[in-house]
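What follows is the residue order along each chain.
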Amino acid sequence: MLEQSDPEIYTSMQKEANRQKNGLEMIPSENYVSDSVLAAMGSILTNKYSEGYPGKRYYGGNQFIDEIESLAVDRAKKLFGVSHANVQPLSGSPANQAVYFALLNQGDKVMGLHLFFGGHLTHGWNVNFSGRFYNAVNYKTGQDGTIDYDALEAQAKQERPKLIFCGATAYPRIYDYKRLGEIAHSIDSYFVADIAHEAGLIAAKVVPSPAGHADVITTTTHKTLRGPRGGMIMCNGNPSEPLKPLPDGANPRENLPTLIDRAIFPGLQGGPHNHTTAGIAVALHEAMQPGFKRYAQQILKNAKTLAESLMAHGFKLVTDGTDNHLMLIDLQNKNITGREAEKALEDVCITVNKNTIPFDTRKPYDPSGIRLGTPALTTRGMRESEMKDIAGFISKAIEHANDAATKERVKSDILELCKGFPIFKYDW
Ligand code: DSN
């Protein structure tokens, strides 16, 4: 139908579907959703306004939307072991914004991992709302690329932020959530774990969870969790308890659910995107199935094999490997910048993104590294032997970045590989 009614959009969608089919998607924050998630997303649920929460809406006709949102909430609570979940954030940045809105006053001090060391814009970067409206200080990794928890503790005790964020977009190791919680609580600070990258791995219990250590957990739903583009905020506490401000006016921890729900609506957002809520519910259901644990285990195996194979090809990886789904290549020994490498790989249909490395001397638009990961390749069914081949393709494309004939041969090998791992059940 779309083909006839809007051929311009249809054609662009077709080209994007072919790009997704015929190349290797290695941006670690991307994935391929199931047909069931797609069905929920492309549905009539987009037609409905539902400001408020299940049972407490500002519009009529929400009895079935309430069922859908309640299912999403219940599934999130069960999967992540928390007593409260808000599934309405439009994505990860709005989820983090809501946490600031819920827990802090403008100008309060926050502390998060420095952007150039793998942190996220919303964890206190100067051009983001978080650095502009809050007093942000950043912690860094040590020279080895791993978080130095002793240095972080000393900095936290000196700075005394009201909120400490952990989580990153380019950190290949697992976090010591217990230590982070202890550090934050020793200075009466909130500890917020942004698990956007690892959410699927945490749901599958193949990496540790911050539940029980973090006051609040935020996430996107479209990365390793393999749902639609969306966000969630989770915490513990009873939302039906009335707010009880502490004598000094500070926000009491026991009212976190209410503070968070109010920050999302009416604080920052209007009507929830109900088609996305349904897609999240479907993805959470999928993540509860035994097959999802096997998927998450395979993401890790693939990442380890890819990391080892890349190192065998002479690539230097930040922290010399990975514990999760992603890795960061330091290209300084390869005489190529991150931007040039991203382009060379795009020429052979491998999609990655340029990224700063710890202590980078170059700027983020043309940094010294590239970031890559295995969630999307693993969804396609690729395993360790394909990872070894892919490390070879990456090496050839980067070593021969200026050799069109070699790149053409690599591209054709990649096309052949992709044909063996179809991604869409229905033809696009
Ligand atoms: N954009 C996400 C990522 O690629 O990691 C995080 O913001």
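Whatever comes next refers back to the structure up there.
First things first, this report covers the structure right here in the doc. Note that the structure is a prediction, hence the values are computed from the model and not measured.

On to the sheet that holds strand 14 (residues 353–355), then. Sheet strands pair via backbone hydrogen bonds, and the direction of the pair is either parallel or antiparallel. Pairing is antiparallel in the open sheet, where four strands are placed in the order 11-12-15-14. Two strands lie at the open edges of the sheet, namely strand 11 (316–317) and strand 14, each paired on one side alone. Of the strands in this sheet, strand 11, strand 12 (326–330) and strand 15 (369–373) are in contact with helix 12 (residues 290–312), which crosses strand 12 at around 15°. Along the sheet face, helix 13 (residues 338–347) touches strand 14 and strand 15 and points at about 45° away from the line of strand 15.

Considering all chains together, one arrives at 20 salt bridges under this definition. With a shortest N-O distance of 3.5 Å, Lys162 and Asp108 are connected by a salt bridge. With Lys162 in the loop between helix 7 (149–159) and strand 7 (163–166) and Asp108 in the loop between helix 5 (92–103) and strand 5 (109–113), this pair connects stretches of sequence that are 54 residues apart. Between Asp366 and Arg339 there is a salt bridge; the shortest N-O distance is 3.8 Å. Of the two residues, Asp366 is situated in the loop between strand 14 and strand 15 and Arg339 in helix 13; the sequence distance between them amounts to 27 residues.

Surrounding the ligand, one finds Ser29, His120, Thr169, His197, Lys223 and Arg371. Contact between the ligand and His120: an oxygen atom at 2.7 Å from a side-chain N or O atom of the residue. Residue His197 places a side-chain N or O atom 2.6 Å away from an oxygen atom belonging to the ligand. When isolated, the ligand has an accessible area of 230 Å², and the protein chains bury 66% of it. Within the shell around the ligand, the residues separate by chemical class into no nonpolar, four polar and two charged.

Before going further, it helps to examine the side chain of Asp108. Relative accessible area serves as the criterion here: at 12%, Asp108 is assigned to the buried category. Among the polar contacts made by the side chain of Asp108, one reaches the main-chain amide nitrogen of Asn105 at a distance of 2.8 Å.

What follows deals with the sheet that holds strand 6 (residues 135–139). Strands sit in the order 4-10-9-8-7-5-6 across an open sheet of seven strands; the sheet is mixed. Since the sheet does not close on itself, it has two edges, and those belong to strand 4 (84–86) and strand 6, each with one partner. The mean inter-strand angle of the sheet, taken between neighbouring strand axes irrespective of direction, is 20°. Sheet analysis places strand 8 (residues 190–194) next to strand 9 (residues 216–220), joined by three bridges and oriented parallel.

This paragraph deals with the packing of aromatic side chains. How two aromatic rings sit relative to each other is set out by the distance from centre to centre and by the angle between their planes. One pass over the full model with this rule turns up eleven aromatic pairs. With centroids separated by 4.7 Å and ring planes inclined at 50°, the aromatic side chains of Tyr100 and Tyr134 adopt a geometry described as tilted. Of this pair, Tyr100 sits in helix 5 while Tyr134 sits in the loop between helix 6 (129–132) and strand 6, and the two are 34 residues apart along the sequence. For the pair shown, Tyr100 and Tyr134 are each scored as buried. Ring plane angle 35° and centroid distance 5.7 Å describe the contact between Tyr175 and Tyr177, whose orientation is recorded as tilted.

A word on a nonpolar patch on the surface. Together, Leu2, Ile9 and Met13 give the surface a local cluster of nonpolar side chains, amounting to about 230 Å² of exposed area. Position of Leu2 relative to the elements: it lies in helix 1 (residues 2–5).

For the rest of this paragraph, the subject is the pairing of strand 12. Summarising burial for strand 12: five of the five residues are buried, a large majority. With burial as the criterion, each face of strand 12 is covered, one bearing Leu326, Leu328 and Asp330 and the other bearing Met327 and Ile329. Where strand 11 and strand 12 come together, two bridges link them in antiparallel fashion. Considered in strand 12, the bridge of Lys316 is made with Asp330.

A separate point is helix 7. Among all positions in helix 7, only Tyr149, Leu152 and Ala156 are buried. Buried residues of helix 7, viewed axially, fall in a sector of 55°; they line one side. The outward face of helix 7, more than 90 degrees from its buried face, is lined by the exposed residues Asp150 and Gln158. Taken together, the buried residues of helix 7 touch strand 5, strand 6, strand 7 and helix 8 (177–186). The N-cap of helix 7, judged by a side-chain oxygen 3.2 Å from the amide nitrogen of Asp150 a few residues on, is Asp148. Backbone geometry just downstream of helix 7 places Arg160 in the positive-phi region, at approximately 50°.

With that settled, consider the pairing of strand 7. Burial along strand 7 is two-sided: the residues Leu163 and Phe165 and Ile164 and Cys166 are all buried. Bridge analysis of strand 5 against strand 7 gives two bridges, and the strand direction is parallel. When the bridges of strand 7 are listed, Val110 appears paired with Leu163. By the bridge criterion, four bridges tie strand 7 to strand 8 in an arrangement that is parallel. Residue pairing for strand 8: Phe165 is matched across the bridge by Val192. In this fold, strand 7 hands off to helix 8, which returns the chain to strand 8; that crossover is right-handed.

Here we come to the packing of helix 5 against helix 10 (residues 256–268). For the pair helix 5 and helix 10, interaxial distance at closest approach is 8 Å and the crossing angle is 115°. Here helix 10 runs roughly perpendicular to helix 5, going by the angle between their axes. Classified by chirality, the crossing of helix 10 by helix 5 is right-handed. For the pair formed by helix 5 and helix 10, the contact residues are Gln97, Ala98, Phe101, Ala102 and Leu103 on the first element and Leu256, Leu259, Ile260, Ala263, Ile264, Gly267 and Leu268 on the second. Partitioning the contact of helix 5 with helix 10 into residue classes produces ten nonpolar, two polar and no charged.

About the thresholds
Residues numbered from 1 in each chain as written. Predicted model: local features only at pLDDT ≥ 70, side-chain atom pairs only at ≥ 80, totals over all residues. Heavy atoms only, no water. Pairing = 2+ DSSP bridges. Helix = DSSP H or I, 4+ residues; strand = E, 2+ residues; numbered from the N terminus. Contact = heavy atoms within 4.5 Å. Axes fitted to C-alpha atoms, helices over the stretch in contact; angles between N-to-C directions. Salt bridge = Lys/Arg side-chain N within 4 Å of Asp/Glu carboxyl O. Near = heavy atom within 4 Å. Polar contact = N/O pair within 3.5 Å; in protein donor to acceptor, adjacent residues only side chain to side chain. Areas by Shrake-Rupley, 256 points an atom, 1.4 Å probe, with all protein chains shown as cover. Nonpolar A, V, L, I, M, F, W, Y, C, P; charged D, E, K, R; others polar. Buried < 20%, exposed > 50% of the residue type's maximum accessible area, 1.4 Å probe, protein only. Phe/Tyr/Trp six-rings, centres within 6.5 Å; stacked < 30°, edge-to-face > 60°. Patch = residues over 30% accessible without salt bridge, like charges linked within 9 Å, V, L, I, M, F, W, Y side chains within 5 Å. Arc of directions from axis to C-beta. Right-handed = clockwise from strand over helix to strand, strands pointing away. Parallel < 35°, antiparallel > 145°, perpendicular 65-115°, else oblique. Left-handed = near helix turned anticlockwise from the far one by under 90°.

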